Amino acid sequence: MASSRFETRKQKILEQINVPDGEYHDLSPKGSIDAPIRELISEINDIDGIVTTSSCSGRISVFLEGRKADIEYTKSGEEGEESRAGPGGKGGGGTWLFISHDSVEVSDVAASQDFLSKFGLEEATPDATKGIDVQRRFIHLKFEPMILHILSASIDHAQKLLNAGMGAGFRESGAVSLGSSKSGEANPVVAIRSTGYSFDSIIGYQDDEGRNISLIDEGHLRTLVCIANERFKINLERIARFRTQLLDSYQPALKSGPSDSNWEDADVRKHRKRAEGLARQQALQALQAAKSERNIVSEDESLDVNVSGGMF
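A brief report on the enclosed structure follows. (Residues numbered from 1 in each chain as written. Predicted model: local features only at pLDDT ≥ 70, side-chain atom pairs only at ≥ 80, totals over all residues. Heavy atoms only, no water.)

Turning our attention to the sheet that holds strand 1 (residues 50–56). Within a sheet, neighbouring strands are paired by backbone hydrogen bonds and run either parallel or antiparallel to one another. Taken in spatial order, the four strands make up an open sheet running 1-5-7-6, and their pairing is antiparallel. The two strands at the open ends of the sheet, each matched to only one other strand, are strand 1 and strand 6 (174–176). Strand-to-strand twist of the sheet, defined as the mean angle between neighbouring strand axes without regard to direction, takes the value 20°. Two strands pair when backbone bridges link them, and strand 5 (residues 147–152) and strand 7 (residues 189–192) are joined in this way by four bridges, in the antiparallel orientation. By the bridge assignment for strand 7, Leu148 is matched with Ile192. Against the sheet, helix 2 (residues 38–45) engages strand 1 and strand 5, with an angle of about 160° to strand 1. (Pairing = 2+ DSSP bridges. Helix = DSSP H or I, 4+ residues; strand = E, 2+ residues; numbered from the N terminus. Axes fitted to C-alpha atoms, helices over the stretch in contact; angles between N-to-C directions. Contact = heavy atoms within 4.5 Å.)

Applying the stated criterion across every chain, the model contains six aromatic pairs. Over the face of the ring belonging to Tyr250 we find Lys160, whose NZ or CZ atom lies 4.4 Å from the ring centre. (Phe/Tyr/Trp six-rings, centres within 6.5 Å; stacked < 30°, edge-to-face > 60°. Lys NZ or Arg CZ within 6 Å of the ring centre and 35° of its normal.)

This part covers the packing of helix 2 against helix 6 (residues 218–249). Between helix 2 and helix 6, the least distance of the axes is 11 Å, while the angle of their chain directions is 15°. Between helix 2 and helix 6, the angle falls in the class roughly parallel. Viewed along their axes, helix 2 and helix 6 form a crossing whose handedness is left-handed. In this structure, helix 2 uses Leu40, Glu43 and Ile44 to contact helix 6, whose residues at the interface are Ile239, Phe242, Arg243, Leu246 and Leu247. Residues belonging to the contact of helix 2 with helix 6 are distributed by class as follows: six nonpolar, no polar and two charged. (Parallel < 35°, antiparallel > 145°, perpendicular 65-115°, else oblique. Left-handed = near helix turned anticlockwise from the far one by under 90°. Nonpolar A, V, L, I, M, F, W, Y, C, P; charged D, E, K, R; others polar.)

Worth remembering: the numbers are spatial, not functional.
Structure (structure tokens):
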């Protein structure tokens, strides 16, 4: 039974999620739940004791770093008051130039400016790399797998989430807020995530005139996009495994209970499957024995006929 404190928080979250699509907005660049995991989010939120707090289904993105932390600005006023980018270029006015939560289409015939145009980049010139230092705002092509943050009503719920995440291949999953609150309740937040098949490649930079200059050619960009698309396939497979393992772990709670003729405990199902397998094996052995016996009888009958024929 979920705590009243948890239920209050879950209700508030669901009220925010369940507004019409045109009115819903969150802090992500897209501003709403990603279509590839919308059904999964609904299934998770239908389970007693857990609720999603944030999510991303996985994405391919092109990102322009924010202003670096140690650049000195001589201008006063608003520009001098802007925040600076931290490690990885986040913050400080960083900008997404392109985002897709699905595979990016790659045409059979490569156009000369296909991805350069799509990502808002200008073609590299022979001297494009001259005068570039680490303080430049670099442009990254990234693939990032699915990440879910799920609030849970207890340590037991958090453990089920972690087991499903780790079993599905989201190896960097973890939990925070494991300690009890002042009310004595523990509501861990579980992150389902993996960084093992993400990647981040620098593909360009912004010059002094504010132009986004590519450091690689169209063919190289095309190759990176194809790699990202392959990672998307892995991502979707792991999402499907996570969904199956999570729903299986909550299956007794999702069913109406033992009185339901369709309900079956996981251990009972395992023993039933094993018994069915043994029964099939025994039936096959019996069938093979019967065939062998028939063959022996058939050979004996044939021998009798031949001998009788010889006597006459």
